Amino acid sequence: MKYEPIAKHYYDGLDEGKFLGLRCPECGHIEFPPYPACNSCGHIGN
């Protein structure tokens, strides 16, 4: 099984001139790069 870093997809987007982020389903805060929990409200499971 091959594992790929979660944030790789987001950094690859930068190489293509795109900003990709992850929006928290609880408060709408956008994270870059993605984190397991929202840095704004603390929601787990982003």
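Just so we're clear, the structure is a prediction, and the values are computed from it rather than from any experiment. Here, residues in each chain are numbered from 1, in the same order as that chain's written sequence. This being a predicted model, a pLDDT of at least 70 is required before a residue's local features are given, and a value of 80 or more before pairs of side-chain atoms are given or counted; all residues contribute to the totals for chains, interfaces and linings. With hydrogens and water stripped out, all remaining heavy atoms of the structure feed into the side-chain values.

### Structural notes on the overall build of the protein
- What counts as a helix is a DSSP run of H or I of at least four residues, what counts as a strand is a run of E of at least two, and both are numbered from the N terminus. In terms of helices and strands, the protein carries one helix and two strands.
- Any two residues having at least one pair of non-hydrogen atoms within 4.5 Å are treated as being in contact. Sequence-distant contacts, at least 24 apart, represent 10% of the contacts inside the protein between residues at least 6 apart.

### Overview of the side chain of Glu31
- On the secondary structure map, Glu31 appears in strand S2 (residues 30-31).
- Pairs of N or O atoms are called polar contacts if they sit within 3.5 Å, as long as, within protein, a hydrogen donor faces a hydrogen acceptor (for residues adjacent in sequence, only side-chain-to-side-chain pairs). A polar atom in the side chain of Glu31 sits 2.7 Å from the backbone nitrogen of Asn39.
- Sequence-distant contacts of Glu31, that is, excluding residues within four places in its chain, are made with Gly21, Leu22, Ala37, Cys38, Asn39 and Ser40.

### Regarding the pattern of salt bridges
- Every case where a carboxyl oxygen of Asp or Glu lies within 4 Å of a side-chain nitrogen of Lys or Arg is listed as a salt bridge. All told, the structure shown has two salt bridges when counted by the stated rule.
- Among the salt bridges present, the one from Asp12 reaches Lys8, with a minimum N-O distance of 2.8 Å. With a gap of four residues between them, Asp12 and Lys8 both fall in helix H1 (residues 8-15), about one helical turn apart.
- The exposure class assigned to Asp12 is partly exposed, which follows from its relative accessible area of 28%.
- For the salt bridge of Glu16 with Lys18, the shortest nitrogen-to-oxygen distance reads 3.4 Å.
- Residue classification places Glu16 among the exposed positions, given a relative accessible area of 56%. For every residue, the accessible area obtained with a 1.4 Å probe (protein chains only) is divided by the maximum for its type, and the residue is called buried under 20%, exposed over 50%, and partly exposed between those limits.

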